[in-house]
Amino acid sequence: MKKNYFSLRRKAYSLMSLAAGVLLFASCAQDGFDEENFDSGVYNTQLEAPSIDDIQITASADGSKQTISWPVVYGAGGYHAILTNTTAGEIVIDSIYDGTSFAVDRVEDNNYELSLEVLGNEERNNKGCEPVIKTFNTFAAAFASIPSGTDLYEYFQNNPLPDLQESDLIYDLEPGGQYTMSGKVDFGAQNSMIRVIGDNNALITCSDGACFIFGNGFKMQNINIDNTDNTANGLFTMSDTPSESLSTEALGYKAAGANQNGYVMTKPVSLKNVNVKNLKKSLIYGNKTNWSLTNLIIENCIIQLDNDGSNGVINMYGASNGLIKSIQISNNTFYNLKENSSAYFLRYSNSSNAQPQKIFGTDQKATITFTHNTVANVFTGKDFANNLANTNLITTTMTDNIFYDVFRVYQFIQTNTIKTTTNNYIWWVKTSPQTNDTSRTDNNGNPLCTEADPGFPTMETLQALDFNAVNCGVNFTPTGTPLSGMAGDSRWLPSAE
């Protein structure tokens with residue numbers, strides 16, 4: 001995705017510019033800028049910026065805000081602060097302050113850069129100085145760091161999880177590190193995370209049968225996974241021994257009107273910038289257990305399948321109930337190297353028992369958001385979804401996607417759901433055109449999909465991921481109408497260059 005970085009230009013501001021309407025003011029009294037009451041005695045001086053260590057970043061108690069503060073520089077005419085979220089490629093703040101702090105929203109798991117310039121004071125003949133640059137991040141502290149070269153299965157056998165903790169149990173892998181996984185890694189009911197800080201993904205190479213098992217949420221970020229030799233039913237598998245503390249009875253959902261005996265993961269399942277090579281079965285597997293998820297997030301991933309079997313990408317089939325209350329799938333590419341008429345992209349066990357009120361209580365609702373994804377050959381001959389509930393308690397948003405040789409997308413958009421479907425494109429080579437994909441409409445009369453050829457490579461020319469290449473060696477840049485509509489995974493669009 002394109003990162004709109006701005007150059008940090010030194011600007012000569014004086015006190016006169018403070019009235020120009022572009023400034024944000026903090027208290028003057030704390031800085032010594034109230035000249036009627038305080039004279040710093042600093043004249044004819046080359047001012048110096050605060051040291052990097054003296055610039056403090058403080059998160060609010062709930063983690064939603066962060067305050068950036070620095071010591072006063074006596075004799076200054078103000079401070080020019082530029083705060084850039086380098087993960088998102090966005091400037092958050094570009095303002096002048098006469099105080100020594102400001103507060104902004106805090107986005108978790110992001111990198112930031114602060115440029116702080118001390119401005120001169122013409123009335124005192126004090127000269128400003130070059131900006132000081134401080135980098136910081138909002139990543140939660142890791143419980144442990146695992147060195148490159150480690151077998152993750154052996155590591156967790158030798159380093160058992162601590163007693164159950166409320167916060168994420170975070171394990172850091174080395175940027176660019178090389179890891180293996182020779183067996184199942186089971187996190188039980190501990191919500192856990194495996195991550196790399198930065199954009200140099202670590203590589204995990206899985207042996208046959210390897211998988212991550214979780215029983216109350218799991219997160220992974222900035223990881224490549226080579227699944228070539230692995231035939232496990234699910235790379236990320238829900239526990240088949242749920243904690244009774246997560247039952248619909250114990251969580252109070254049955255008292256609130258639910259009528260199903262099941263289990264609910266209260267913590268999110270999240271995959272961000274996770275690239276998977278040669279996935280032969282399910283990405284996420286319900287393990288034939290009555291699980292529901294509160295929140296599933298898949299974002300900025302490339303999932304390359306080598307799948308001609310019956311295990312779909314998100315596979316919760318085989319139990320008596322279960323659903324996902326909030327699905328957020330955005331800016332991903334999913335593609336398969338094989339024709340497949342046996343698997344679904346998303347599959348629940350029972351459409352009636354996948355109604356949100358039956359798990360979470362009376363009038364509870366669910367949302368499905370599927371936006372800016374590129375989907376090719378997933379799957380060529382089976383419905384895109386199966387056993388989704390047909391109820392207005394579900395809101396479905398499917399926008400800006402490209403479906404290429406994907407069968408019956410309309411099964412993902414149930415008729416009675418509250419639905420928005422704009423700027424989606426579909427094309428067929430291996431499959432048969434389905435009228436419902438283009439003739440059915442959302443609540444505003446927009447078609448589910450519009451026929452348009454994106455000019456994608458044929459299945460026969462597609463290759464497995466190459467983790468040593470840019471974008472894993474994949475290129476799904478669209479042509480024609482899908483390109484002009486800026487649809488699909490954003491990394492393939494011109495703005496991503």
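Residues numbered from 1 in each chain as written. Predicted model: local features only at pLDDT ≥ 70, side-chain atom pairs only at ≥ 80, totals over all residues. Heavy atoms only, no water.

Asks: Looking at this model, I keep getting lost on the pairing of strand S14 (residues 211–214). Mind explaining?
Replies: Sheet faces and side chains relate simply in a regular strand, where the side chains alternate between the two faces. Side chains Cys211 and Ile213 of S14 all project onto a buried face; the interleaved residues Phe212 and Phe214 project onto the opposite face, where all are buried too. Relative to S14, strand S11 (residues 184–186) runs parallel, the two being bridged by 3 bridges. In the strand pairing of S14, Val185 is matched with Phe212. In this sheet, strand S16 (residues 234–238) lies alongside S14 in parallel orientation, the contact comprising 3 bridges. Across the sheet, residue Phe212 finds its bridge partner in S16, namely Phe236. (Buried < 20%, exposed > 50% of the residue type's maximum accessible area, 1.4 Å probe, protein only. Helix = DSSP H or I, 4+ residues; strand = E, 2+ residues; numbered from the N terminus. Pairing = 2+ DSSP bridges.)

Asks: Before we go on, may I ask you to explain the sheet that holds strand S3 (residues 79–85) in this structure?
Replies: Pairing between the strands of a sheet comes from backbone hydrogen bonds, and it takes one of two forms, parallel or antiparallel. Taken together, 4 strands build an open sheet; the order of strands is S4-S3-S6-S7 and the sheet is antiparallel. What marks the edges here is a single partner per strand, and that holds for strand S4 (90–97) and strand S7 (132–137). Here the average twist between neighbouring strands, direction ignored, is 15°. Examined bridge by bridge, strand S6 (residues 111–118) and S7 share 6 bridges and lie antiparallel to one another. Across the sheet, the residue bridging to Leu116 is Val132, located in S7. (Axes fitted to C-alpha atoms, helices over the stretch in contact; angles between N-to-C directions.)

Asks: Please clarify how the pattern of salt bridges should be interpreted in this entry.
Replies: Following the criterion strictly, the structure yields 11 salt bridges and no others. Asp172 is paired through a salt bridge with Arg195; the nearest N and O atoms lie 2.5 Å apart. Placement of the pair is Asp172 in strand S9 (residues 169–173) and Arg195 in strand S12 (residues 192–195), with a sequence separation of 23 residues. For Asp172, a relative accessible area of 13% translates into the label buried. One salt bridge connects Arg408 with Asp383, and the closest N-O pair in it is separated by 3.4 Å. Note that Arg408 is positioned in the loop between strand S31 (402–404) and strand S32 (418–422) and Asp383 in the loop between strand S28 (374–376) and strand S29 (385–386), a separation of 25 residues in sequence. Residue Arg408 is classed as partly exposed on the basis of its relative accessible area of 29%. Residue classification places Asp383 among the buried residues on the basis of a relative accessible area of 12%. Residues participating in the shared-partner salt-bridge network are Lys280, Asp306, Asp308 and Lys338. (Salt bridge = Lys/Arg side-chain N within 4 Å of Asp/Glu carboxyl O.)

Asks: For this particular structure, what's the right way to read the side chain of Asp151?
Replies: Examined against the element boundaries, Asp151 turns out to sit in the loop between strand S8 (144–146) and helix H1 (152–158). Although Asp151 lies buried, it forms no salt bridge, and the closest oppositely charged side chain, Lys184, sits 14 Å away as judged by the N-O distance. A distance of 2.9 Å separates a polar side-chain atom of Asp151 from the backbone nitrogen of Tyr153. A polar side-chain atom of Asp151 sits 2.6 Å from a polar atom in the side chain of Ser182. The residues contacting Asp151, other than those within four sequence positions of it, are Thr180, Met181 and Ser182. (Lys, Arg positive; Asp, Glu negative; His and termini not counted. Polar contact = N/O pair within 3.5 Å; in protein donor to acceptor, adjacent residues only side chain to side chain. Contact = heavy atoms within 4.5 Å.)

Asks: Explain the confidence of the model for the protein here, please?
Replies: Interpretation of the predicted coordinates at a detailed level should be avoided for regions scoring low in pLDDT. Confidence in the prediction for the protein averages 91 pLDDT; 92% of positions are at 70 or higher. Scored below 50 in pLDDT, residues 1–37 shows 72 contacts in the model against residues more than four places distant or in partner chains. (pLDDT = per-residue confidence, 0-100.)

Asks: Help me out: how do you make sense of the nonpolar core in this one?
Replies: Nonpolar side chains in soluble globular proteins tend to be buried together. By size, the foremost hydrophobic cluster in this structure holds 84 residues, and its most contacted members are Met220, Phe236 and Leu283. Element by element, the count of residues in this core is highest for strand S18 (residues 269–279), at 5 residues. Excluding its chain neighbours within four sequence positions, the residues that come into contact with Leu283 are Leu235, Phe236, Leu271, Val276, Ile298, Ile303, Gly312 and Val313. If you look at the next biggest cluster of nonpolar residues, it comprises 21 residues, including Ile55, Val73, Cys129 and Phe136. (Core = buried A, V, L, I, M, F, W, Y, C linked by side-chain atoms within 4.5 Å.)

Asks: Could you clarify how one ought to interpret unusual backbone geometry in this entry?
Replies: Most peptide bonds take the trans configuration, and most residues that are not glycine carry a negative phi. In this chain, Val378 is followed by Phe379 through a cis amide linkage whose omega measures -5°. Its location among the elements puts Phe379 in the loop between S28 and S29. A positive phi angle, near 60°, is found at Asp109, a position not held by glycine. In this structure, Asp109 sits in the loop between strand S5 (101–105) and S6. Classification of Asp109 as buried rests on a relative accessible area of 17%.

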